[in-house]
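Chain by chain, the residues:
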Amino acid sequence: MISVTKLLMQDSDHYGDGLRYHKDSGKTVHGTRKGHGPVVVWNCTRTCNLNCIHCYSDSDSNSYSGELSTKEAKTFIDDLQAFNVPVLLFSGGEPLLRNDFFELAEYAAQKGIRSTISTNGTLIDKQMAKDFKKIGISYVGISLDGIGENNDNFRGQSGAFQDALAGIRNCLEEGQKVGLRFTINRHNYKELPDIFKLIKEENIPRVCFYHLVYSGRGSEMKDQDISPEETREVLDLIMEKTLEFARINDPKEILMVANHADGIYIYQKMLQEDPAKAQEILKLLGKNGGNRSGIAISSVDSQGWVHPDQFTQNHTFGNVKERPFGEIWTDTDSNEILRGLKDRKPLLKGRCSQCRWLDYCNGNFRARAESVYHDFWASDPACYLTDKEIGLK
């Protein structure tokens, strides 16, 4: 995850900046920084009320056996506290469909773990928004992948856009921090200006733009990703809008997710416009260290299996029903993928292995490389930097 806001407005100060740009962030192998565990994405249920075409967990409306019980989930949260995990992100499926969601989210908050939610937002009524605030949910991320009917087609349900927008408004009315999650693809990238218009009109304080990752149902969408040229246009627009919000004294936290080429692209653009600011950007990227799958970001699925990140669920390291999370996360002797992710540079192939920005990107996203080339250590096919830009010509 890259904060466009932090890179372009270096005096900005948001909670995640302390995890991403701490002086130890890029040096640790088991967490966000020295003495801390990773951010943990817990796909607490696979059940969902929508059927999104890009869903990495292949969720649907069915019920699934074997998901962590309330007792098992609390033991899991205890283990996260013991490993000093800073953030637990409740995801799914749709996490709000778990009957014990509020009990578990409050339990995590009481243990000193920052509780956040990734949701489609369609179930958030006024009372639920009040309950979020009451138990100490720090952030609610609501997914929108287009405006109106385009979002509904993407998410497999008529009315999903209006229901999600109502969920956002209910959170804002209660003073509950809320933001958008938007996955960029060929079907929706031209709607980005309208998304920014929505952010301004609704006074939404945060947005995460996700690059498409080819996993789960998203693995069928490789040919629906945008081109390198279109990606560059998208980044230009996002940079422009970030600066525009700052100029009108309405700063938003704008982040890019799942492609660390973004940081280098932003650096190179600023090098032409403001070399001094560009050097500060490079320092921040150096502190961050690039992709942190298997290091500072982890995923645990509804059955308790531990994965490198939420998009790489075909690789498992152990089960939290059987061993504490911290023990699994640090056991590099038992799994070559986990061991490799902690120090991946010698294993990378192709353009990634020769890239002059490797210390700042760390090989980008392994899930895409494996999906396209059937090789976990191949180059990320979604890197849109040219050979000249990465030092090959």
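Looking at an unreviewed UniProt entry, one finds the chain named Mycofactocin maturase MftC, with Natranaerobius thermophilus as its source organism. Quoted verbatim from the Cofactor (unreviewed entry) heading of the UniProt record, the comment on the chain is "[4Fe-4S] cluster".

Undergrad: Break down empty space enclosed by the protein for me, with residues and values.
TA: For the coordinates displayed, the defined rule picks out 4 cavities of 30 Å³ or more. Lining the largest cavity are 38 residues, and of these Met1, Arg20, Val39, Arg206 and Ile297 lie nearest its centre. Elements represented by at least two residues in the lining of the largest cavity include exactly helix H2 (17-20), strand E2 (39-43), strand E3 (87-91), strand E4 (114-119), strand E5 (139-143), strand E7 (206-211) and strand E8 (253-257). Sort the elements by how many residues they give to the lining of the largest cavity and E4 lands first, with 4 residues. Taken together, the residues that form the lining of the largest cavity break down as 17 nonpolar, 13 polar and 8 charged.

Undergrad: Lay out the environment of Asn120 in plain terms, naming residues and giving numbers.
TA: With respect to the element layout, Asn120 can be found in the loop between E4 and helix H5 (126-135). Between the alpha carbons of Asn120 and Ser215 there is a distance of 19 Å; along the sequence they are 95 residues apart. Leaving out residues up to four positions away in the same chain, Asn120 has contacts with Cys48, Asn49, Leu50, Glu94, Ile142, Ser143, Arg155 and Ala164. Within the local environment of Asn120, its side chain forms a polar contact with the side chain of Thr122, the two groups lying 2.7 Å apart.

Undergrad: Please set out the pattern of salt bridges residue by residue, giving values where relevant.
TA: Close approach of charged atoms allows side chains of opposite charge to pair. This model, assessed by the stated rule, comprises 23 salt bridges. Across the salt bridge formed by Asp17 and Arg20, the nearest N and O atoms sit 3.6 Å from each other. Taken together, the residues Asp17 and Arg20, both in helix H2 and 3 residues apart, mark about one turn of the helix. For Asp17, a relative accessible area of 5% corresponds to the buried category. Given a relative accessible area of 11%, Arg20 falls into the buried group. Across the pair Arg368 and Asp380 runs a salt bridge whose closest N-O atoms are separated by 2.8 Å. Taken together, the positions of Arg368 in helix H16 (residues 366-373) and Asp380 in the segment after H16 put the pair 12 residues apart, joining distant regions of the chain. Arg368 sits in the buried class, given a relative accessible area of 0%.

Rules and cut-offs
Residues numbered from 1 in each chain as written. Predicted model: local features only at pLDDT ≥ 70, side-chain atom pairs only at ≥ 80, totals over all residues. Heavy atoms only, no water. UniProt positions renumbered as here; feature names shortened; annotations may be inferred. 1 Å grid on protein atoms, 1.4 Å probe; cavity = no way out; pocket = protein on both sides within 12 Å on 5 of 7 lines; lining within 4 Å. Points joined across faces, edges and corners; volume = space filled by probe spheres on them. Helix = DSSP H or I, 4+ residues; strand = E, 2+ residues; numbered from the N terminus. Nonpolar A, V, L, I, M, F, W, Y, C, P; charged D, E, K, R; others polar. Contact = heavy atoms within 4.5 Å. Polar contact = N/O pair within 3.5 Å; in protein donor to acceptor, adjacent residues only side chain to side chain. Salt bridge = Lys/Arg side-chain N within 4 Å of Asp/Glu carboxyl O. Buried < 20%, exposed > 50% of the residue type's maximum accessible area, 1.4 Å probe, protein only.

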